[in-house]
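Structure at a glance
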Amino acid sequence: MLVAQMNNIVKRYGSHLALDHVDLDIREGEIVGLLGPNGAGKTTLIHALAGLNRIDSGSIHCFGKPQTANLMEIKRNLGLVTQDITIFEDLTVWENLAFFGGIYGLKGSGLKKRIEETLEFVGLTDCANKRPGIFSGGMKRRLNIACALTHKPKLLIMDEPTVGIDPQSRNHILESVRELQRSGTTILYTTHYMEEVQSIASRIVIMDQGHVIAQGTLDDLIDNIQHEEKIKIELVEVTGQLLEQLRQLAGVKSVTQEGNKLTIISTVGSGNLDRALALARHAGGIRSINAEKPTLEDVFFTLTGKQLRDGKETS
Ligand SMILES: Nc1ncnc2c1ncn2[C@@H]1O[C@H](COP(=O)(O)OP(=O)(O)O)[C@@H](O)[C@H]1O
Ligand SMILES: [Mg+2]
């Protein structure tokens, strides 16, 4: 069953086309990893899904119903973890959850029970009476997530929930997302960190410049670029002349350099890896050779010509 379906979504900010005919399906029980560099349009897309902005054209269905005619009912079953932390620093942790749970109509013992469960879930039980002003970034992020969970949403939308936190809190959050999925929650997880989608997503949707440029499982996406070979060689010395010669070999798509290491991507079967190695040997000797399995980063690079490494983009 489809939990959400977005068809042909167009959204402009003035003359800027932020979403250019985007389609997105979310099936029940999956973790969809929405990956893209800053400015790709991820937040705009999920805000459209949550009914927070007006789209210029296209259609949105959620839980099988058209969004416009059923917005309040849909919102009751959605949780949104915002990209910027939206908690009250002068309320206690408990009061924050009581506030957000209250918005969704929870009260009395039902509210109390859900607050207790949610605090336990995000590991903040011991901090219930503390004010989050003093918290670390990771603890604030966990409270921000808890605020979106008190009302037990069927679809949880998380917008870059791990930005600016330590690795331990990040792992805690990723593990929580897996656990939510096991308990039946469908999750749309937005990030520009590719290792996160690689580790938790059942399906990956890659966006760039307002377009969905690829989607599928990690294996699907990698299979799609298997027409390429990738090899890393470490040399005694890399000269500009060698780089030039390698780049001019027919079939070589890119040569990137990091110190004395070169990464060469070329079309399969062109035989030019042999030629590349011969050139490298001739230019002063090879220290090591490493043929690697393509990664999600290679998929992104192949599709866009840009690198998206741990959020740092280079073009
Ligand atoms: N309220 C706004 N007004 C004008 N431009 C915006 C607004 N929100 C986002 N944009 C622009 O739309 C594009 C997509 O932004 P966004 O959806 O925030 O991307 P992402 O979440 O992938 O980083 C960017 O170029 C951004 O500058
Ligand atoms: Mg964003």
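Residues numbered from 1 in each chain as written. Chains lettered and ligands numbered in written order. Predicted model: local features only at pLDDT ≥ 70, side-chain atom pairs only at ≥ 80, totals over all residues. Heavy atoms only, no water.

Another aspect to go through is the overall build of the protein. What the protein contains, in helices and strands, is 11 helices and 16 strands. With the principal axes as the frame, the protein shows a C-alpha extent of 80 × 45 × 35 Å. Looking at the protein as a whole, 47% of its 315 residues qualify as buried. In the protein, 67% of the contacts between residues at least 6 apart in sequence involve partners at least 24 apart. For the protein, the accessible surface area stands at approximately 15100 Å², while carbon and sulfur atoms represent 49% of it. Treating the 35 positive side-chain charges of the protein as one cloud and the 38 negative ones as another, the clouds have centres 4 Å apart. (Helix = DSSP H or I, 4+ residues; strand = E, 2+ residues; numbered from the N terminus. Buried < 20%, exposed > 50% of the residue type's maximum accessible area, 1.4 Å probe, protein only. Contact = heavy atoms within 4.5 Å. Areas by Shrake-Rupley, 256 points an atom, 1.4 Å probe, with all protein chains shown as cover. Lys, Arg positive; Asp, Glu negative; His and termini not counted. Charge placed at Lys NZ, Arg CZ, Asp CG, Glu CD.)

A separate point is the sheet that holds strand 2 (residues 16-27). Strand order across the open sheet formed by four strands is 2-1-4-5, with antiparallel pairing between neighbours. Strand pairing shows two members of the sheet lacking a second neighbour, strand 2 and strand 5 (65-66), which therefore form its edges. Pairing of strand 1 (residues 2-13) with strand 2 involves nine bridges; the strand directions are antiparallel. Its bridge partner lying in strand 2, Leu2 is registered against Arg27. (Pairing = 2+ DSSP bridges.)

Below, the discussion takes up the side chain of Asn77. Summarising the element assignment, Asn77 is placed in the loop between helix 2 (71-76) and strand 6 (78-81). Other than its neighbours up to four places away in sequence, Asn77 contacts Phe63, Pro153, Lys154 and Leu155.

When its domains are assigned, the protein resolves into domain 1 (2-222) and domain 2 (227-293). Between the C-alpha centres of domain 1 and domain 2 there is a distance of 42 Å. (Domains from an automatic or database assignment.)

A few words now on the site of ligand 1. Taken together, Tyr13, His16, Ala18, Pro37, Asn38, Gly39, Ala40, Gly41, Lys42, Thr43 and Thr44 form the complete shell of residues around ligand 1. Between a nitrogen atom of ligand 1 and a side-chain N or O atom of Tyr13, the distance comes to 3.5 Å. Here an oxygen atom of ligand 1 sits 2.8 Å away from a polar atom, N or O, in the side chain of Thr43. Protein chains bury 59% of the 560 Å² of accessible surface belonging to ligand 1 in isolation. Its residues assigned to classes, the shell around ligand 1 shows four nonpolar, six polar and one charged. (Near = heavy atom within 4 Å. Polar contact = N/O pair within 3.5 Å; in protein donor to acceptor, adjacent residues only side chain to side chain. Nonpolar A, V, L, I, M, F, W, Y, C, P; charged D, E, K, R; others polar.)

The next point concerns the coordination of the magnesium ion (ligand 2). Every protein donor of the magnesium ion (ligand 2) is accounted for by Thr43 (OG1) and Gln83 (OE1), and the metal-donor separations fall at 2.0 to 2.3 Å. Of this pair, Thr43 sits in helix 1 (residues 42-49) while Gln83 sits in the loop between strand 6 and helix 3 (93-103), placing them 40 residues apart in sequence. When its relative accessible area of 25% is taken as the criterion, Thr43 is described as partly exposed. On the basis of relative accessible area, Gln83 is assigned to the partly exposed category, the value being 30%. (Donors = N, O, S within 2.8 Å, 3.2 Å for Na, K, Ca; no water.)

It is worth spelling out the sheet that holds strand 14 (residues 286-291) at this point. On the basis of which strands lie adjacent, the open sheet formed by four strands has the order 12-13-11-14 and antiparallel pairing. The two strands at the open ends of the sheet, each matched to only one other strand, are strand 12 (252-258) and strand 14. Along the sheet, successive strands turn relative to each other by an average axial angle of 20°, direction set aside. Pairing of strand 11 (residues 228-235) with strand 14 involves five bridges; the strand directions are antiparallel. When the sheet's bridge partners are listed, Leu235 is paired in strand 14 with Ile286. Where helix 9 (residues 240-248) meets the sheet, its contacts fall on strand 11, strand 12 and strand 13 (261-267), and the angle it forms with strand 12 comes to roughly 155°. (Axes fitted to C-alpha atoms, helices over the stretch in contact; angles between N-to-C directions.)

Here we come to the pattern of salt bridges. On inspection of all chains with the given rule, the structure shows 14 salt bridges. Salt-bridge contacts for Lys112 lead to Glu116; the nearest nitrogen and oxygen are separated by 3.1 Å. Of this pair, Lys112 and Glu116 both sit in helix 4 (residues 108-122), four residues apart, roughly one helical turn. Residue classification places Lys112 among the partly exposed residues on the basis of a relative accessible area of 46%. Judged by its relative accessible area of 39%, Glu116 is partly exposed. Of the charged contacts in the structure, one is a salt bridge between Asp298 and Lys230, with a shortest N-O distance of 3.0 Å. With Asp298 in helix 11 (residues 296-304) and Lys230 in strand 11, the pair connects residues that are 68 residues apart, well separated along the chain. Because the salt bridges share partners, they merge into one network encompassing Lys113, Arg114 and Glu117. (Salt bridge = Lys/Arg side-chain N within 4 Å of Asp/Glu carboxyl O.)

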